[in-house]
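Coordinate inspection notes
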Amino acid sequence: MADLVSHPDEVRIISARFGKGAAAIDKYLELDGYKAVQKALKMQPDEIINEVKISALRGRGGAGFSTGMKWSFVPKESAKPKYILVNGDESEPGTCKDRLILEHDPHAVIEGVLIAGLAVGACTGYIYIRGEYRYLVDILRKALDEAKAKGFIGKNIFGSGIDFNVYWHTGAGAYEVGEESALMESLEGKRGIPRIRPPFPAVVGLWGGPTVINNVETIASVPHILMMGGAKYASYGPEKNGGTRLFCLSGHVNKPGVYELPLGYPMKKLIYDVGGGIPNGKKLKAVVPGGSSTFLLKPEEAEAISCDFDSFAKRGEFLGSGGVVVLDEDTCMVNFALRVMKFYQHESCGWCIPCREGTDWLKKTLIRFHAGGGVKKDIDNINYLAQNMLGRTFCPLGDAAAIPTMSIVQKWRQEFEDHLDGKPCPFESKKQIPEPAFA
Ligand SMILES: Cc1cc2nc3c(=O)[nH]c(=O)nc-3n(C[C@H](O)[C@H](O)[C@H](O)COP(=O)(O)O)c2cc1C
Ligand code: SF4
């Protein structure tokens, strides 16, 4: 089990049961578990959706789309069965929160699935777990068995006359299957490549049936919203950015860890107060605000921004998945761009040309460039290649590879200049991010 951290500014809603043994159903029940679903059973589907809309809960998987709105897109009548699909693929570099929820509070996810199902008229749920998180399967399987034994899932749940099954499923370790349509392909037993949209999953999803796909943290927030009321939950964050979220703080900070903070929390406080600042008194160079797919921030940008979806959207950028990576002054940004691109090149499913070829060319160019073989026009070419991937790929993985690359070239151009003319990397003597196993 990962060590838990804490800070006085934390508002513990999703993490309230962490470290309390709530993976066992009796403890979960003692801590008010499965009360929210019993409340939902007495509500009309539209009332549940409305409460989630009032909460201003936005998807914690990265895109920040309104959860209540997403649920309302599911047609009321459907000839095909409807499904709830929980995205526990969690492969975005820097993001490590869903695993904590599944480890410490798996029943909250199961309860969230049931409530989402009651809201949209689905009676089957799937919890899809990242291939590398196999150890979580045992925890989840046990939680599902316990819930079934108590009559909370399976036939006639809570004596309501409703049959509702919830299943677990694992991937085989591909980042791409975190993308919702590739996830459905994978769950159906096919190669994990994305589907053409529209139609969107809310209308045509798993096995052609209307499907709600939500991130683990999003779904685990739902029982809390029903218990405390949407308005109370919304009040923790700024307008239209309801509640708290789990921030995964890593990189060059003294106190890395997963902290639950209200949306709108200042990034500066996150780094210096919650994270205890940068080790060895080093200066801040860059911040990855929400997983490697987001635009990197310069110190003055990071120190001025609040961590909510709209503060980032105003800049044309993304809050992302909650994976905040702090980089100190010794980090080589060319090497960092290369490290990130190695990941995307490795994870590209290879289906569309701009992503398959673009990530490969960018990786090759950055390897040569970082090794001292760069020429001046490479700098613009790297930016140009990335720009040409943006918005031109079949799924957003191409954008995810382009965005950090463009922001690094544009904001730390001088570091590229400093690598020219066969010069050794200026940061050669400093400790850098370890090489990935697949590089
Ligand atoms: C390449 C790629 C990988 C993704 N990986 C994840 C992931 O691991 N977990 C996740 O919840 N969403 C991931 N997403 C976003 C999902 O497609 C989808 O938007 C999300 O699961 C919706 O849930 P939410 O509304 O609760 O955020 C990924 C998207 C892309 C393009
Ligand atoms: S953008 Fe990349 S990951 Fe997405 S479909 Fe194209 S090749 Fe596959």
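Values in this document were obtained by computation on a predicted structure and should not be read as measured data. (Residues numbered from 1 in each chain as written. Chains lettered and ligands numbered in written order. Predicted model: local features only at pLDDT ≥ 70, side-chain atom pairs only at ≥ 80, totals over all residues. Heavy atoms only, no water.)

Here we come to the overall build of the chain. A tally of helices and strands in the chain yields 18 helices and 10 strands. Its C-alpha atoms give the chain a radius of gyration of 22 Å, within 12% of the compact-globule value 22 Å for 439 residues. Dimensions of the chain along its principal axes, counting C-alpha atoms only, are 75 × 45 × 35 Å. The burial tally for the chain puts 57% of its 439 residues in the buried class. Taking as baseline every contact in the chain between residues at least 6 positions apart, the subset at least 24 positions apart corresponds to 71%. When the accessible surface of the chain is totalled, it reaches about 17700 Å², and 54% of it is carbon and sulfur. Both charge centroids of the chain, one from 53 positive and one from 52 negative side chains, sit 1 Å from each other. (Helix = DSSP H or I, 4+ residues; strand = E, 2+ residues; numbered from the N terminus. Rg over C-alpha atoms; globule rule 2.2 N^0.38 Å. Buried < 20%, exposed > 50% of the residue type's maximum accessible area, 1.4 Å probe, protein only. Contact = heavy atoms within 4.5 Å. Areas by Shrake-Rupley, 256 points an atom, 1.4 Å probe, with all protein chains shown as cover. Lys, Arg positive; Asp, Glu negative; His and termini not counted. Charge placed at Lys NZ, Arg CZ, Asp CG, Glu CD.)

A few words now on the pairing of strand β1 (residues 83–88). Counting buried residues in β1 gives six out of six residues, a clear majority hidden from the surface. Alternating positions in β1 separate into two faces, Y83, L85 and N87 on one and I84, V86 and G88 on the other, with burial throughout. The pairing of β1 with strand β4 (residues 211–215) spans five bridges and is parallel. By the bridge assignment, N87 is partnered in β4 with N215. (Pairing = 2+ DSSP bridges.)

Our focus in this paragraph is the sheet that holds strand β5 (residues 244–251). Within a sheet, neighbouring strands are paired by backbone hydrogen bonds and run either parallel or antiparallel to one another. Judged by pairing direction, the sheet is mixed, and its four strands sit side by side in the order β6-β5-β10-β8 without closing on themselves. The sheet is open, and its two borders are formed by β6 (257–262) and β8 (284–288), each paired with just one other strand. Taken over all neighbouring pairs, the strand axes of this sheet differ in orientation by 30° on average, direction set aside. Of the pairings in the sheet, the one linking β8 to strand β10 (residues 323–328) comprises four bridges and is antiparallel in character. Bridging across to β10, V287 finds its partner in V326. (Axes fitted to C-alpha atoms, helices over the stretch in contact; angles between N-to-C directions.)

Let's shift gears to the sheet that holds strand β3 (residues 165–170). Strand order in the open sheet made by the four strands is β3-β2-β1-β4, with parallel pairing throughout. Both edges of this open sheet fall to β3 and β4, since each of them pairs with a single strand only. Strand-to-strand twist of the sheet, defined as the mean angle between neighbouring strand axes without regard to direction, takes the value 20°. Where strand β2 (residues 124–129) and β3 come together, six bridges link them in parallel fashion. Bridge pairing links I127 to W168 in β3. Sheet strands touched by helix α9 (residues 216–228): β1 and β4. Its angle to β4, the strand with the most contacts, is close to 95°.

Right, let's get into the site of ligand 2. Taken together, the neighbourhood of ligand 2 is formed by 13 residues, with C349, W351, C352, C355 and C395 sitting nearest. Looking at the shell around ligand 2 residue by residue, the class counts come to eight nonpolar, four polar and one charged. (Near = heavy atom within 4 Å. Nonpolar A, V, L, I, M, F, W, Y, C, P; charged D, E, K, R; others polar.)

Attention now goes to unusual backbone geometry. Along the chain, R197 connects to P198 via a cis peptide bond; the corresponding omega equals -5°. Summarising the element assignment, P198 is placed in the loop between α8 (180–187) and β4. The amide bond that connects P198 to the next residue, P199, takes the cis arrangement and shows omega of 5°. Within the secondary structure, P199 sits in the loop between α8 and β4. We note that E90 has phi near 25°; this positive angle belongs to a residue other than glycine. Its location among the elements puts E90 in the loop between β1 and α5 (98–104). Judged by its relative accessible area of 7%, E90 is buried.

Two elements in contact, helix α6 (residues 106–120) and helix α7 (residues 134–149), have axes separated by 9 Å at closest approach and are oriented at 55°. Our classification of the angle between α6 and α7 gives oblique. Between α6 and α7 the crossing geometry is right-handed. Listed contacts from α7 to P106, H107 and I110 of α6 are I139, L140, A143, L144, E146 and A147. (Parallel < 35°, antiparallel > 145°, perpendicular 65-115°, else oblique. Left-handed = near helix turned anticlockwise from the far one by under 90°.)

Right, let's talk about the packing of aromatic side chains for a bit. In the structure shown here, the tally under the stated rule is 16 aromatic pairs. Taken together, a centroid distance of 5.9 Å and an interplanar angle of 65° make the contact between Y175 and Y344 edge-to-face. In this pair, Y175 is assigned in the loop between β3 and α8 and Y344 in helix α14 (residues 333–347), connecting sequence segments 169 residues apart. With respect to burial, Y175 and Y344 carry one shared label: buried. Through successive ring pairs, a cluster of aromatic residues spans Y28, Y34, F152 and F158. Sitting above the plane of the Y133 ring, R130 keeps its charged end 5.1 Å from the centroid. Over the ring of W361 we find K364, and its NZ or CZ is 5.5 Å from the ring centre. (Phe/Tyr/Trp six-rings, centres within 6.5 Å; stacked < 30°, edge-to-face > 60°. Lys NZ or Arg CZ within 6 Å of the ring centre and 35° of its normal.)

In total, this model carries 32 salt bridges according to the counting rule given. Here E132 and R130 are joined by a salt bridge, their closest N and O atoms 2.9 Å apart. Of the residues examined, E132 reaches a relative accessible area of 44% and is grouped as partly exposed. Of the residues examined, R130 reaches a relative accessible area of 18% and is grouped as buried. Here E317 and K411 are joined by a salt bridge, their closest N and O atoms 4.0 Å apart. (Salt bridge = Lys/Arg side-chain N within 4 Å of Asp/Glu carboxyl O.)

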